[in-house]
Amino acid sequence: MTRQLIFDLPHRTALGREDFYISATNAQALAALDAWRDWPGGKMVLVGPPAAGKTHLAHVWASASGNSATLHPASKLASADIAALGAQPAVVIEDCETLPLHPGAQEALFHLHNMLAAKGAALLMTAASAPRDWGLTLADLKSRVQAASVTRLEAPDDALLSAVLIKLFSDRQITVSPALIAYLLPRMERSFAAARALVAKLDGEALARGTGVSRALAASMLDNS
């Protein structure tokens, strides 16, 4: 079979609340973020595995709270304009478990935390692990972060993983059948990261073959992997 040339075209990722699927694995985290006005000290840590939907939930929170929160990666805090970030009504710092890997990032978050706290602004921190496991070496920051409430996104159940697969295909403008989703669920690694990789692989293979994404295509790929 002649394989077609594949162009790595960008695809739209939907990050609105209407695109966030609620199940038993994420309902508690969503409720905790909805109650942001009651966060002790105005701060919260959202913990979940890679590609679990932390960024999506942060976007949902930013819209629902009316804060238009600024999202910023921990990896770029050292070079960020902390005064400008501190002037925002709400801030999300992502991947906080990586703070010790970036010189100056802990000091930057310490100053940002104090600026936001002084005016009662909200701070949401996302991470793959709880603050006690980040390996923070700046004692003043460590004490402040560990005082924050923690909410968790759990590993996905079948209902949520099905919805995520459908969303990932939809982000690529691909409509799939329920039969394909039912076929994939028991045969794939049960994580959001694996779902994202699988959808990308199926999309790429379908483009290369000049076919649609189908159960038959998935079967041929998974049987040969």
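Residues numbered from 1 in each chain as written. Predicted model: local features only at pLDDT ≥ 70, side-chain atom pairs only at ≥ 80, totals over all residues. Heavy atoms only, no water.

Novice: Can you help me understand helix H4 (residues 105-118) in this one?
Specialist: Residues lying three or four places apart along an α-helix face the same way, a consequence of the helix completing one turn every 3.6 residues. The end-to-end C-alpha separation of H4 is 20 Å, in line with the 20 Å expected for 14 residues at 1.5 Å each. Considered for burial, the residues of H4 that qualify are Ala-105, Gln-106, Ala-108, Leu-109, Phe-110, Leu-112, His-113 and Leu-116. Packed against the buried residues of H4 are strand E1 (43-47), helix H3 (82-86), strand E3 (90-94), strand E4 (122-127) and helix H5 (139-146). Once H4 finishes, Gly-120 follows within two positions and takes phi at roughly 75°, a positive value. (Helix = DSSP H or I, 4+ residues; strand = E, 2+ residues; numbered from the N terminus. Expected span 1.5 Å × (residues − 1). Buried < 20%, exposed > 50% of the residue type's maximum accessible area, 1.4 Å probe, protein only. Contact = heavy atoms within 4.5 Å.)

Novice: Looking at this model, I keep getting lost on empty space enclosed by the protein. Mind explaining?
Specialist: Any empty space left between atoms is shown by rolling a water-sized probe over those atoms. Counted under the stated rule, the structure contains 1 cavity of 30 Å³ or more. Of the voids in this model, the largest cavity is the one considered here, and its volume is about 40 Å³. Contributing to the lining of the largest cavity are Gly-41, Gly-42, Lys-43, His-113, Leu-116, Ala-117, Ala-121 and Leu-123. Among the elements that make up the lining of the largest cavity, the one with the highest residue count is H4 (3 residues). Of the residues belonging to the lining of the largest cavity, the class tally is 4 nonpolar, 3 polar and 1 charged. (1 Å grid on protein atoms, 1.4 Å probe; cavity = no way out; pocket = protein on both sides within 12 Å on 5 of 7 lines; lining within 4 Å. Points joined across faces, edges and corners; volume = space filled by probe spheres on them. Nonpolar A, V, L, I, M, F, W, Y, C, P; charged D, E, K, R; others polar.)

Novice: What should I look at first to understand unusual backbone geometry in this one?
Specialist: Leaving glycine aside, a negative phi is the common case for residues, and trans is the common case for peptide bonds. In this structure, Asp-95 is a non-glycine residue whose phi angle is positive, near 60°. In this fold, Asp-95 is placed in the loop between E3 and H4. Taking relative accessible area as the criterion, Asp-95 reaches 37% and is therefore assigned partly exposed. Here Gln-173, not a glycine, exhibits a phi torsion of approximately 60°, which is positive. Classification of Gln-173 by relative accessible area gives exposed; the value is 77%.

Novice: I keep staring at the side chain of Thr-98 and nothing clicks. Help me out?
Specialist: Counting through the fold element by element, Thr-98 comes out in the loop between E3 and H4. With relative accessibility at 18%, the residue Thr-98 sits in the buried group. In this structure Thr-98 touches Ala-74 and Ser-75, once residues within four positions along its chain are discounted.

Novice: When you look at the packing of helix H8 (residues 192-209) against helix H9 (residues 215-223) in this model, what are you seeing that I'm missing?
Specialist: Orientation of H8 relative to H9, taken along the N-to-C sense of each, is 110°, at an axis distance of 11 Å. Considering their axes alone, H8 and H9 lie roughly perpendicular with respect to each other. Seen from H8, the contacting residues are Leu-198, Lys-201, Leu-202, Glu-205, Ala-206 and Arg-209; seen from H9, they are Leu-217, Ala-218, Ser-220, Met-221 and Leu-222. Classifying every residue of the contact of H8 with H9 by side-chain character gives 7 nonpolar, 1 polar and 3 charged. (Axes fitted to C-alpha atoms, helices over the stretch in contact; angles between N-to-C directions. Parallel < 35°, antiparallel > 145°, perpendicular 65-115°, else oblique.)

Novice: What is the right way to read the pairing of E3 from this model?
Specialist: Across a regular strand the side chains alternate sides, sitting on one face of the sheet and then on the other. With 5 of 5 residues buried, E3 is to be regarded as a mostly interior element. With burial as the criterion, each face of E3 is covered, one bearing Ala-90, Val-92 and Glu-94 and the other bearing Val-91 and Ile-93. Bridge count for strand E2 (residues 70-73) against E3 is 4 bridges, and the pairing is parallel. Bridge assignment links Leu-71 to a residue of E3, and that residue is Val-92. Sheet topology note: the E3/E4 ladder contains 4 bridges and is parallel. Within E4, the residue paired with Val-92 across the bridge is Leu-124. Regarding topology, H4 serves as the crossover connection from E3 to the parallel E4, and that connection is right-handed. (Pairing = 2+ DSSP bridges. Right-handed = clockwise from strand over helix to strand, strands pointing away.)

Novice: Just to check I follow, could you spell out the sheet that holds E3 for this structure?
Specialist: Backbone-to-backbone hydrogen bonds join strands into a sheet, with any given pair of strands oriented parallel or antiparallel. Read across the open sheet, the 5 strands follow the order E2-E3-E4-E1-E5; overall the sheet is parallel. In this open sheet, the two edge strands, each paired with only one partner strand, are E2 and strand E5 (149-152). The sheet shows a mean angle of 20° between the axes of neighbouring strands, direction not considered. Strand contacts of helix H2 (residues 54-64): E1, E2, E3 and E4, with the helix running at about 165° to E4, the strand carrying the most contacts. Contacts from H4 reach E1, E3 and E4, with the element oriented near 145° to E4.

Novice: For this particular structure, what's the right way to read the packing of helix H1 (residues 27-34) against H2?
Specialist: A pair of packed helices can be characterised by two numbers: the angle between their axes and the separation between those axes. For the pair H1 and H2, the least separation of the axes is 10 Å and the interaxial angle reads 35°. Seen along the crossing, H1 lies across H2 with a hand that is right-handed. Across the interface between the two elements, Ala-29, Leu-30, Leu-33 and Asp-34 of H1 pack against Leu-57, Val-60, Trp-61 and Ala-64 of H2. For the contact of H1 with H2, the class distribution of residues is 7 nonpolar, no polar and 1 charged. (Left-handed = near helix turned anticlockwise from the far one by under 90°.)

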